[in-house]
Amino acid sequence: AKAPGASGSMVGRTVTWSAWSKEDEATGGRALEVAAPREEFEANDSEAAWGSRNMAEANGWTPSAPLLARVGSRGEDINKESSREGGEASGGETASWGATWSEGSDDLPIGAAASTSPSHLAAGRTAALWPGVGHERKLPPQRQARRFYKHMLPLALVQLVVMVVPILGLFNHEGQKFGAQLVLFLSNIPPWLSWMVFGMYSLTTVVNYVYHYFRLAGSEAVPVQRGFETSARPLQHVVIVCAYKEPAEVLERTFESIAQQRGIGRAPIAVLAAEDRDESRHACFAALQQRCGGRLSRLLLTSHSLSEGEATGKSSNENFAAREVYRRLVDSEGYDPFEVIVTICDADSIFSHTYLSHVEAAYTGEPDGRRLIYKGPLNVYRNFSDAGLLVQSLELARCHQDAFHSLMTVPYPYSNYSLSLGFASELGFWTPDCMPEDIHTANKAMVNSFGSRAVVTIPSVICNDLVPLVADRYEQAKRHQFGSVTELAWLGALLTETRLRLPAWGAVLCAEASRAGSLPGAMLCLAGHLLNAALVVALHQNWQDLTPSATTALSLMGASAVVQWTCFWAAEFALWATLLQQFPLQRPSFVRWLLLIAVMPFASLVNGLLFFIVPTLHALYHAAFVGELAYVCAPKGEAARGLAPGLDKLSPRGTRSSSPSSGVSGL
């Protein structure tokens, strides 16, 4: 049992694994054989699929540890586990394994049989035993979720009724009015309980902000690498910039910030992921080559042509670009895909000079960072002064919520995030017919880890532009909320079209429902507005009946809001005065800051209705009665002010490149 070997095969829908000791191998015997349906074999580490200690002992085989072996999307794990549990203990013996998968009459190889020494197995090089990174996890495309679109509107209305009616009924029974019941409820709250709740809320609020202060402070400096296991070779970073007819000044800022990255072992590869219908892409690429090419490891151009079944927008573009990067770096040049970190960003992104080094530090700092997504705080303050009070208040609250999130939650990635190229391959890259590509990728990552959260926050910031005009910002909000509607519908398709186990599916559903901006969150916000309005009216009508206990409870509720308001502005001013100094922000005047502080409570109420609840209802109507929403990119920054791409400013001669019209080209 000190030198177990392992072999496996997939025949039809059944997986069989056999394990044997050195003595059994000499006689051709098998001490343990386990067969299980293929879905269980791929799904988890259940005893039905793996040779556990109990099952081994039942077959007369007593290993020093359970047989640890995985195939498919976790194919490389067998290499490391075989060396630790079997090969190294055998004193230099070899370990053998192999797998084939036959579906019907076609034999599809998913792994190559191999025999290798334990030292080579310990190296963990995926390509040594596998032709790729394992199979793509087959998840339903967005088109399979469209049959659920029409059910989203009644589902949301049912949720609203379920939340509002019981609460109103609780305070309106036995013939007493709602206001009288509310006053009676508040009067029965002991003052000591009100003070205790206020104290706990204030303490947790302050602790949350103190934690984030130390988390974010100094993140503009290169982090100290404190990984569990640092790679012998430095990671290769690839930054994919999705763009379509972007102004030249915007692309220039973005690629300059990529070229100026510090604290990484290799210069990054930058990819201009353009659309084939964008006639300015070659001129922009040639100018960027001349300006930044010498400071980058490589500068690549991909030209995406929209195919049948794909949706216009970022997801189909980045899916094409990432597959081209994989084909070039992994298939052609032999890179380990788990040593290539892909960062997705918008065309208007300005990277902190240490963003990629923080991603690398987080990647190596995790026990196994290969199958995680890394994201920094959301920030859209670059052109902050272009917007009015409403939009400024909205984006302040939105970015603040993401940067100073509760310690009990992990926010979803928005627009800009990083993951290994191998992980992207296992997820099937990006879903080309999906609009909310960022939250959809996070949910796919959760499915891949059987319901576990897969997002890691880093303190470094990528700064973007906001949409300054109210009408354009509403269109952007409607697109965001339509994505929330379709993502919930996709979870319905995930349940019906796959054999994902119910606990794992429920974990993904709970994560999506609790996400800021989700469809259930919007209905909860609407229910809160309705209940708050009822409370205000009831208290106004029964103010003279309030008891001292009720007055104490209401006063401490107001004091809690003051504590939150004070911490909010203290944190914002500290952020602007320290971490955001590294970015070329359009800073508001002192008078504008005073106006924002004064109108923020009222503006937050209006923004919740105008940019959250109303767009959600609009998106629900569109999904139920119209269908898919056309992707419209809201103008930001220079585009919002009507500036053209301005190729002459970026290119010395303003001429077009002679690069190919499609595919990938590079320096």
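The rules behind the values
Residues numbered from 1 in each chain as written. Predicted model: local features only at pLDDT ≥ 70, side-chain atom pairs only at ≥ 80, totals over all residues. Heavy atoms only, no water. Helix = DSSP H or I, 4+ residues; strand = E, 2+ residues; numbered from the N terminus. Buried < 20%, exposed > 50% of the residue type's maximum accessible area, 1.4 Å probe, protein only. Contact = heavy atoms within 4.5 Å. Areas by Shrake-Rupley, 256 points an atom, 1.4 Å probe, with all protein chains shown as cover. Phe/Tyr/Trp six-rings, centres within 6.5 Å; stacked < 30°, edge-to-face > 60°. Lys NZ or Arg CZ within 6 Å of the ring centre and 35° of its normal. Core = buried A, V, L, I, M, F, W, Y, C linked by side-chain atoms within 4.5 Å. Axes fitted to C-alpha atoms, helices over the stretch in contact; angles between N-to-C directions. Left-handed = near helix turned anticlockwise from the far one by under 90°. Nonpolar A, V, L, I, M, F, W, Y, C, P; charged D, E, K, R; others polar. Expected span 1.5 Å × (residues − 1). pLDDT = per-residue confidence, 0-100. Polar contact = N/O pair within 3.5 Å; in protein donor to acceptor, adjacent residues only side chain to side chain. Salt bridge = Lys/Arg side-chain N within 4 Å of Asp/Glu carboxyl O.

1. Remarks on the overall build of the protein chain
- From N to C terminus, the protein chain includes 22 helices and 17 strands.
- Going through the 667 residues of the protein chain one by one, you find that 53% of them count as buried.
- When contacts within the protein chain are restricted to residue pairs at least 6 apart in sequence, those whose partners lie at least 24 apart make up 79%.
- For the protein chain, the exposed surface amounts to about 29000 Å²; the carbon and sulfur share of it is 60%.

2. Brief notes about the packing of aromatic side chains
- Under the criterion given, the structure shown has 17 aromatic pairs.
- For the pair Tyr381 and Trp576, a centre-to-centre distance of 5.0 Å together with 20° between the ring planes defines the contact as stacked. With Tyr381 in the loop between strand 13 (373–375) and helix 13 (389–403) and Trp576 in helix 19 (residues 548–577), this pair connects stretches of sequence that are 195 residues apart.
- Taking relative accessible area as the criterion, Tyr381 reaches 0% and is therefore assigned buried.
- Given a relative accessible area of 4%, Trp576 falls into the buried group.
- Site record: aromatic cluster; members linked through ring pairs are Tyr381, Phe384, Phe568, Trp569, Phe573, Trp576 and Trp593.
- A cation over an aromatic ring shows up here: Arg277 above the ring of Tyr244, its NZ or CZ 4.5 Å from the ring centre.
- One cation-aromatic arrangement involves Arg473 over Phe611; the distance from NZ or CZ to the ring centre is 5.9 Å.

3. What to know about the nonpolar core
- Within the largest apolar cluster, 102 residues are counted, with the highest numbers of intra-cluster contacts made by Ile240 and Phe255.
- It is helix 16 (residues 470–497) that contributes the most residues to this core, 8 residues altogether.
- Once residues within four sequence positions are removed from consideration, Ile240 is found in contact with Val271, Ala273, Ala321, Ala322, Val342, Thr343, Ile344 and Cys345.

4. Thoughts on the packing of helix 9 (residues 248–259) against helix 10 (residues 281–292)
- Direction vectors running N to C along helix 9 and helix 10 enclose 35°, while the axes themselves pass 11 Å from each other. Considering only the axes of helix 9 and helix 10, their crossing is right-handed. Note on element contacts: helix 10 touches helix 9 through Cys284, Leu288, Arg291 and Cys292, opposite Leu251, Glu252, Phe255, Glu256 and Ala259.
- Class assignment of the residues belonging to the contact of helix 9 with helix 10 gives a composition of 6 nonpolar, no polar and 3 charged.

5. Considerations on unusual backbone geometry
- For Lys245, which is not glycine, the phi dihedral falls at a positive 50°.
- Here Lys245 shows up in the loop between strand 8 (236–242) and helix 9.
- Overall, Lys245 belongs to the partly exposed group, its relative accessible area being 46%.
- A positive phi angle is found at Ser415, which is not glycine, with a value near 70°.

6. Structural notes on the environment of Asp438
- Inspection of the secondary structure assignment puts Asp438 in helix 15 (residues 437–448).
- Judged by its relative accessible area of 12%, Asp438 is buried.
- In this structure the C-alpha to C-alpha distance between Asp438 and Lys314, which are 124 residues apart in sequence, comes to 9.7 Å.
- Among residues more than four places away in sequence, those in contact with Asp438 are Pro413, Tyr414, Ser415 and Tyr417.

7. Some details on helix 16
- Taking 1.5 Å per residue as the helical rise, helix 16 with its 28 residues ought to reach 40 Å, and the 40 Å between its terminal C-alpha atoms agrees with that figure.
- Counting buried residues in helix 16 gives 20 out of 28 residues, a clear majority hidden from the surface.

8. Some words on helix 17 (residues 502–513)
- For helix 17, with 12 residues, the first-to-last C-alpha span of 16 Å sits near the 16 Å given by 1.5 Å per residue.
- Within helix 17, burial applies to Ala504, Trp505, Gly506, Val508, Ala511 and Glu512.
- Considering only its buried residues, helix 17 is in contact with helix 15 and helix 16.

9. Quick word on the confidence of the model for the protein chain
- On average, residues of the protein chain score 78 in pLDDT, and 72% of them are at 70 or above.
- Residue range residues 1–134 is modelled with pLDDT below 50. Its contacts to residues more than four positions away, or to other chains, number 249 contacts.
- Note that pLDDT drops below 50 for residues 643–667; the model gives that stretch 65 contacts with residues more than four away or on any other chain.

10. Things to note about the side chain of His622
- With respect to the element layout, His622 can be found in helix 20 (residues 590–625).
- Of the polar contacts made by the side chain of His622, one reaches the backbone oxygen of Glu628; its length is 3.2 Å.
- If near-sequence neighbours (up to four positions away) are discounted, His622 is found in contact with Phe482, Gly627, Glu628 and Leu629.

11. Remarks on the pattern of salt bridges
- In the structure shown here, the tally under the stated rule is 21 salt bridges.
- One salt bridge in this structure joins Glu497 and Arg147, with 3.0 Å as the shortest N-O distance. A residue pair is termed long-range when its members are at least 10 positions apart, and Glu497 in helix 16 and Arg147 in the loop between helix 5 (118–122) and helix 6 (149–170) qualify at 350 residues.
- On the basis of relative accessibility, which here comes to 39%, the residue Arg147 falls in the partly exposed class.
- A salt bridge links Arg281 to Asp276, with the shortest nitrogen-to-oxygen separation between them at 3.0 Å.
- Overlapping salt bridges bring together Glu252, Glu256, Arg291 and Arg295 as one network.

12. Some remarks on the environment of Ala311
- Residue placement: Ala311 occurs in the loop between strand 10 (298–304) and helix 11 (314–332).
- Spatially, the C-alpha atoms of Ala311 and Tyr631 are 8.1 Å apart, while their sequence positions differ by 320 residues.
- Contact partners of Ala311, with chain neighbours within four places excluded, come to Leu306, Ser316, Pro432 and Asp433.

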